[in-house]
Amino acid sequence: MAIDSVQGAFRQAKHEAGINKRRVSVHTLRHCYATHLLEAGVHPEVVQRFMGHSRLETTMLYFHLTQKGAEDAVKIINHTMKGFNYDNDK
């Protein structure tokens, strides 16, 4: 599918939906899609394939857009460490 066709259809849908923001584009949707997949727990290498990135580092740039990964990591660490006796580890 030609990019001009996609962009034209997006502009028309945006107009019909009454969205007047100028900086909303197909590229915005692409970023949102990747970010939501990562937030939902989809493995980064799967997202990489879906996005067509040749390098995982490119996909990992989407992680800066979300705090959910950091929040989940803290929860996992706290759950893992729950009940760990620090005094016996000396």
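Residues numbered from 1 in each chain as written. Predicted model: local features only at pLDDT ≥ 70, side-chain atom pairs only at ≥ 80, totals over all residues. Heavy atoms only, no water.

Details of the overall build of the protein
Now for step 1: The number of helices and strands found in the protein is 5 helices and 0 strands.
Now for step 2: When the helices and strands of the protein are read in sequence order from the N terminus, they spell out α-α-α-α-α.
Now for step 3: In the protein, which comprises 90 residues, the share counted as buried stands at 16%.
Now for step 4: When contacts within the protein are restricted to residue pairs at least 6 apart in sequence, long-range pairs at least 24 apart make up 25% of them.
Now for step 5: Accessible area of the protein: about 7500 Å², with a carbon and sulfur share of 57%. (Helix = DSSP H or I, 4+ residues; strand = E, 2+ residues; numbered from the N terminus. Buried < 20%, exposed > 50% of the residue type's maximum accessible area, 1.4 Å probe, protein only. Contact = heavy atoms within 4.5 Å. Areas by Shrake-Rupley, 256 points an atom, 1.4 Å probe, with all protein chains shown as cover.)

As for the side chain of Thr59
Now for step 1: Checked against the element boundaries, Thr59 lands in helix H4 (residues 56–60).
Now for step 2: Separated by 2.7 Å, the side chains of Thr59 and His53 make a polar contact.
Now for step 3: Residues contacting Thr59, with those up to four places away along its chain left out, are Leu38, Pro44, Val47, Gln48 and His53. (Polar contact = N/O pair within 3.5 Å; in protein donor to acceptor, adjacent residues only side chain to side chain.)

Some points on helix H2 (residues 26–39)
Now for step 1: The end-to-end C-alpha distance of H2, which contains 14 residues, comes to 20 Å, matching closely the 20 Å that a straight helix rising 1.5 Å per residue would cover.
Now for step 2: Every buried residue of H2 is accounted for by Ala34, Thr35, Leu37 and Leu38. Axial view of H2: buried residues confined to an arc of 160 degrees, hence all on one face.
Now for step 3: The distance from a side-chain oxygen at the start of H2 to the backbone nitrogen of His27 is 3.2 Å, and the residue carrying that oxygen is Ser25. (Expected span 1.5 Å × (residues − 1). Arc of directions from axis to C-beta.)

Topic: a nonpolar patch on the surface
Now for step 1: Taken together, the side chains of Ile77, Met81 and Phe84 present a nonpolar region at the surface, about 270 Å² in accessible area.
Now for step 2: With respect to the secondary-structure elements, Met81 resides in helix H5 (residues 68–81). (Patch = residues over 30% accessible without salt bridge, like charges linked within 9 Å, V, L, I, M, F, W, Y side chains within 5 Å. Salt bridge = Lys/Arg side-chain N within 4 Å of Asp/Glu carboxyl O.)

With respect to the packing of H2 against helix H3 (residues 44–51)
Now for step 1: Axis separation between H2 and H3 bottoms out at 10 Å; the angle between their running directions is 160 degrees. Put simply, H2 runs roughly antiparallel to H3. Considering how the two elements wind past one another, H2 and H3 form a crossing that is right-handed. Across from Arg30, Tyr33, Ala34, Leu37 and Leu38 in H2, the residues of H3 making contact are Pro44, Val47, Phe50 and Met51.
Now for step 2: Across the contact of H2 with H3, the residue classes break down as 8 nonpolar, no polar and 1 charged. (Axes fitted to C-alpha atoms, helices over the stretch in contact; angles between N-to-C directions. Parallel < 35°, antiparallel > 145°, perpendicular 65-115°, else oblique. Left-handed = near helix turned anticlockwise from the far one by under 90°. Nonpolar A, V, L, I, M, F, W, Y, C, P; charged D, E, K, R; others polar.)

Examining helix H1 (residues 3–16)
Now for step 1: The end-to-end C-alpha separation of H1 is 20 Å, in line with the 20 Å expected for 14 residues at 1.5 Å each.
Now for step 2: Downstream of H1 by a residue or two, Gly18 has a phi angle that is positive, lying close to 75 degrees.

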